[in-house]
Amino acid sequence: MGGVTAGSDSVLELLPMVFADPGEALAGAREVLDGDPTPFHASVAHHVIGIWQRDFGDLRLALHHLRRARDLAARADSADREADVLGTLGVALVHAGRTRQGLEAFERGIARGTGQTRARVLYRRAYVWWVLGHHPEALDDVRRAIPVLRQVDDTIWTARALTLRATVHLALGAVDRADADFTAAESLWETTGQEHDKADAVESRGLAKFRSGDIPVALQLLDEAEEMYAKLATPTFMLTIRRCEVLMSAGLAGEALAHADTAVGLLDGIGGQSTRKAELLLVAARAARLADDPQRAIARAAVAVRLFAAQRRTWWQTHAQLVLIEARLAAGRASGRLVADAAAVADRLAGFGSPSAPEASLLAGRIALALGWTADAERHLAVAARSRRGGPPLARMTGWAAQALRAQAAGSGRGVLEACRRGLDVLDDHRTTLGASELRARATAQGAELAALAQRASLLSGGPRQLLVWSERWRATALSTPPARPPADPALLSDLTAFRVIAARAEEARSKGRPLPPLEREQRRLEREIRSRTLRMRGDSPGEGDRFDASRLLARLGEGRLVELAVVDGRVHALLCGAGRVRRFEAGLLAEAMAEAEHVQAGLRRLAHPGAEARLPVVEAAGRRLEELLLGEAAQHLGSGPVVVVPPGRLHRVPWALLPSLRERVLSVSPSAGSWLRSLDTEPPPGGRHVLVRGPGLATGGAEVPDLAGRYGRPTVLEHDGAEVPRVLAELDGATLAHIAAHGTFRADSPLFSSLRMADGPLIVHDFERLARSPYRIILSSCDTARLASVGADELLGLVTALLPLGTAGVVASSAPVNDAAVVPLMLALHKGLSSGLSLAEALRDARAALPGDATHQATGWAFTAFGAA
């Protein structure tokens with residue numbers, strides 16, 4: 001800043017520079033103070049440092065510099081200079097939690113300022129009114145400021161005022177007005193060099209897109225804003241809050257909680273704004289509640305309520321109280337007092353014009369229903385139900401949930417089902433805007449209550465067929481259409497290639513006992529970048545396609561049976577489909593079945609190693625208990641034909657072939673009956689290409705692959721250096737049959753980074769999603785390839801579920817660790833059956849029967865499952 005001196009008028013240029021190039025402005029202000037400035041110029045320099053510290057640094061230092069700037073302005077006898085500083089000081093005081101002193105500073109500033117300066121002070125007070133939740137006052141001040149700023153061609157401050165007015169409109173639910181103001185502001189920013197303000201405008205536009213329900217575009221804009229802030233090296237606490245809101249709406253509450261908690265720690269570390277800390281705690285509380293952690297939600301919401309109260313921010317305090325009540329209810333603390341608290345919060349939110357008011361009324365009604373207070377419940381639910389007619393998707397779903405509860409309280413099963421149908425239709429429309437399979441799956445969590453209400457109503461007043469239809473209505477819906485494919489995104493392809501190289505190097509270092517933290521950090525960074533790019537893909541599906549038709553299912557089953565397991569209020573109900581009808585059999589408790597499945601998994605892990613034969617009777621006994629818990633009396637009515645099992649997501653790790661009634665059957669598993677029907681209708685591609693792949697590092701070296709190469713005549717065999725991901729993907733695309741012998745790794749923390757190890761690094765789920773058509777049949781002969789993560793309402797994420805919507809009609813994979821040597825004879829027998837014209841399920845049944853009778857081979861056979869219908 002060599003051009004700025006204490007005596008030059010260019011000192012005034014430092015003020016707009018704070019939001020164009022913050023670091024340069026800070027250096028220039030310090031340079032001014034190092035000279036011999038006049039009181040006026042010293043006031044400007046301290047003002048600049050105060051703004052920088054307020055927004056990017058230590059709030060205590062900000063107050064010190066701003067008070068010094070105010071005193072120097074008074075010494076310089078410049079009323080407008082003093083008014084300008086008082087406006088900035090008012091904002092800082094409010095952010096520090098000293099609301100009364102801040103508002104007093106604004107009063108003095110407005111009285112001292114004239115014309116353009118007074119308009120700028122009014123704008124700042126409007127911002128503070130927004131922070132405090134006084135939206136009418138904010139709109140009044142900003143509407144008084146904008147005409148004056150426009151009249152004097154003050155482009156920067158006009159753009160700021162339009163951005164603020166748009167933000168207030170958003171808080172009041174007026175998305176269209178907000179979007180118009182954001183657009184007008186952004187066109188003004190393009191004519192300025194205000195890089196920080198430009199980033200803020202992009203961030204705000206992302207918030208507007210989120211409020212209108214467009215999550216992919218919202219994520220894209222927030223990513224763009226983050227890149228802009230990073231170039232300026234400025235903190236992004238407000239961006240974190242907004243990103244957390246988007247993540248929560250997409251079903252990623254755990255991630256939102258981690259982001260918010262990290263930001264609170266960073267803010268505390270720099271002595272940042274008390275107001276921003278309260279907002280971050282509120283977001284963290286909401287995320288904890290959605291992540292089923294009510295105690296953590298209570299702790300964070302209680303602190304947020306106290307901070308907002310001390311800051312005199314009633315609007316914010318009321319929203320924090322809403323989260324606190326929700327968390328207390330989730331922790332099992334329903335009471336009459338809680339009903340009254342929720343009703344009072346609903347009234348205050350309605351008075352503020354907050355879009356969250358229906359949510360509070362729904363909460364009050366839900367608690368009243370739990371206490372048996374039907375009249376009170378009806379009053380609150382009727383208010384909440386009004387939101388079903390308009391607004392963003394989640395608000396309409398709140399309204400339909402309230403309407404469903406009203407119908408349930410009135411004893412109208414038909415009314416419950418109609419409200420649930422309408423609400424889930426809203427969710428379906430919302431999900432089709434999402435391109436990423438992960439977002440589609442996780443978004444279904446928003447409809448979990450509606451689906452559970454419908455299932456309960458079907459169980460009470462409908463027949464088994466109706467319960468089947470409603471179980472299908474919300475099961476594996478994310479698999480009903482393929483995810484959006486981004487093959488033309490060069491940045492994504494570049495990131496995937498870099499990830500593969502880094503991941504391979506990191507794995508090699510770990511295998512030698514010398515893990516390298518820099519490599520692992522870079523791998524995590526690339527994972528975040530890949531995931532970020534895929535989450536913001538827009539969906540291109542116009543709708544969900546055909547609805548599930550129970551009559552069509554029964555017609556296609558022939559002599560076979562399909563058993564769909566529905567869970568209502570924690571109890572498993574086996575819906576047995578076949579012979580022209582659907583029958584219901586009550587089975588055991590889901591929690592007991594999940595615990596038993598974990599015991600079985602532990603037993604299979606032990607049996608994968610020689611010397612564990614004594615565990616075999618224990619595992620078989622657990623299989624008998626699982627059958628009682630999951631099938632009940634349905635096990636006696638399975639007929640003699642093939643059986644398809646459709647389990648809920650939380651039972652995806654059950655080795656179904658271990659159950660006595662299924663052990664010697666032609667058995668396949670599907671995420672939903674609808675998914676099975678789609679697999680049944682999938683035609684194999686022309687050409688009959690067979691692809692065999694051998695990855696590195698297998699104990700047997702993929703010993704079955706050379707034998708299989710001879711069985712299939714002239715298949716494509718990829719091994720050694722030829723088994724690199726780009727070549728493997730190219731050959732898999734449109735193949736009739738693929739057999740991949742490679743180490744599998746399941747990532748519970750990030751299921752779509754589950755992988756198969758190739759010569760050049762991991763082949764991940766995101767890679768498979770780039771295929772134009774995945775292989776018609778695919779056999780994965782390694783450990784854990786069938787492991788999946790249960791997310792959303794009843795959705796599954798993992799390798800198998802990534803393949804089924806992409807053209808794969810059948811998969812054979814393992815849900816447990818297996819003995820590599822025992823896999824070889826199983827695979828050879830499996831392919832013998834396939835080459836004689838059997839389906840995957842038929843060939844797997846015969847292959848199990850052909851294995852030696854020892855414990856290790858038996859456990860290996862049980863660990864593998866046929867998915868789909870090919």
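None of the values given here were measured: they were computed from a predicted structure. (Residues numbered from 1 in each chain as written. Predicted model: local features only at pLDDT ≥ 70, side-chain atom pairs only at ≥ 80, totals over all residues. Heavy atoms only, no water.)

With respect to the sheet that holds strand β11 (residues 761–764)
Alright, step 1. The three strands lie next to each other as β9-β10-β11, forming an open sheet whose pairing is antiparallel. Of all the strands in the sheet, just β9 (744–745) and β11 have a single pairing partner and so form its edges.
Alright, step 2. Pairing of strand β10 (residues 755–758) with β11, which is carried by four bridges, proceeds in the antiparallel orientation. The partner of Met-758 across the bridge, within β11, is Gly-761. (Pairing = 2+ DSSP bridges. Helix = DSSP H or I, 4+ residues; strand = E, 2+ residues; numbered from the N terminus.)

Examining the pattern of salt bridges
Alright, step 1. In the structure shown here, the tally under the stated rule is 40 salt bridges.
Alright, step 2. Here Arg-120 makes a salt bridge to Asp-154, at a shortest N to O gap of 2.9 Å. With Arg-120 in helix α7 (residues 115–132) and Asp-154 in the loop between α8 (135–151) and α9 (155–171), the pair connects residues that are 34 residues apart, well separated along the chain.
Alright, step 3. Between Arg-422 and Glu-418 there is a salt bridge, with its nearest N and O atoms 3.7 Å apart. Highlighted residues: Arg-422 and Glu-418, both in helix α22 (residues 413–431), separated by four residues, approximately one helical turn. (Salt bridge = Lys/Arg side-chain N within 4 Å of Asp/Glu carboxyl O.)

Quick word on the pairing of strand β8 (residues 737–741)
Alright, step 1. Counting buried positions along β8 gives five out of five residues, so the element sits mostly inside the fold.
Alright, step 2. Side chains Leu-737, His-739 and Ala-741 of β8 all project onto a buried face; the interleaved residues Ala-738 and Ile-740 project onto the opposite face, where all are buried too.
Alright, step 3. In the sheet, strand β6 (residues 690–694) pairs with β8 via five bridges, with the strands oriented parallel. Following the sheet pairing, Val-691 is matched in β8 by Ala-738. (Buried < 20%, exposed > 50% of the residue type's maximum accessible area, 1.4 Å probe, protein only.)

Focus: unusual backbone geometry
Alright, step 1. Although it is not a glycine, Asp-77 sits at a positive phi angle of roughly 60 degrees.
Alright, step 2. With respect to the element layout, Asp-77 can be found in the loop between α4 (59–75) and α5 (79–95).
Alright, step 3. Even without a glycine there, the phi angle at Asp-153 is positive, about 55 degrees.

Here's the deal with the side chain of Arg-243
Alright, step 1. Assignment of secondary structure puts Arg-243 in helix α13 (residues 237–249).
Alright, step 2. Relative accessible area serves as the criterion here: at 12%, Arg-243 is assigned to the buried category.
Alright, step 3. Reaching out from Arg-243, the side chain makes a polar contact with the side chain of Asp-223 at a distance of 3.0 Å.
Alright, step 4. For Arg-243, the side chain forms a polar contact with the side chain of Glu-226, separated by 2.9 Å. (Polar contact = N/O pair within 3.5 Å; in protein donor to acceptor, adjacent residues only side chain to side chain.)

Observations regarding the nonpolar core
Alright, step 1. Counting 89 residues, the largest nonpolar core has Trp-656, Ile-740 and Phe-768 as its most contacted members.
Alright, step 2. Excluding its chain neighbours within four sequence positions, the residues that come into contact with Ile-740 are Val-693, Leu-732, Leu-756, Met-758, Phe-768, Ile-778, Ile-779, Leu-780 and Ser-781. (Core = buried A, V, L, I, M, F, W, Y, C linked by side-chain atoms within 4.5 Å. Contact = heavy atoms within 4.5 Å.)

Details of the packing of helix α15 (residues 274–290) against helix α16 (residues 294–310)
Alright, step 1. At a minimum axis distance of 8 Å, the contact between α15 and α16 shows a crossing angle of 155 degrees. The pairing of α15 with α16 is recorded here as roughly antiparallel in orientation. The way α15 lies across α16 gives a crossing that is left-handed. Across the interface between the two elements, Ser-274, Lys-277, Ala-278, Glu-279, Leu-281, Leu-282, Ala-284, Ala-285, Ala-288 and Arg-289 of α15 pack against Arg-296, Ala-297, Arg-300, Ala-301, Val-303, Ala-304, Leu-307 and Phe-308 of α16. (Axes fitted to C-alpha atoms, helices over the stretch in contact; angles between N-to-C directions. Parallel < 35°, antiparallel > 145°, perpendicular 65-115°, else oblique. Left-handed = near helix turned anticlockwise from the far one by under 90°.)

Here's the deal with the packing of aromatic side chains
Alright, step 1. Tallied over the full model, the rule gives four aromatic pairs.
Alright, step 2. On the basis of an interplanar angle of 90 degrees and a centroid distance of 5.6 Å, the ring pair of Tyr-123 and Trp-157 is categorised as edge-to-face. On the criterion of sequence distance, the pair formed by Tyr-123 in helix α7 and Trp-157 in helix α9 is long-range, its members being 34 residues apart.
Alright, step 3. Classification of Trp-157 as buried rests on a relative accessible area of 10%.
Alright, step 4. Ring geometry for Tyr-127 versus Trp-130: centroids 5.9 Å apart, planes at 40 degrees, classification tilted. Here Trp-130 and Tyr-127 lie together in helix α7, a separation of three residues that amounts to about one turn.
Alright, step 5. Take Tyr-127: its relative accessible area is 18%, and that puts it in the buried class. (Phe/Tyr/Trp six-rings, centres within 6.5 Å; stacked < 30°, edge-to-face > 60°.)

Thoughts on the environment of Ile-156
Alright, step 1. By secondary structure assignment, the location of Ile-156 is in helix α9.
Alright, step 2. Each C-alpha atom of the pair Ile-156 and Thr-192 lies 7.1 Å from the other, and the pair is 36 residues apart in sequence.
Alright, step 3. In this view, Ile-156 contacts Pro-16, Trp-189, Thr-192, Gln-194 and Asp-197; residues no more than four positions away in its chain are not counted.

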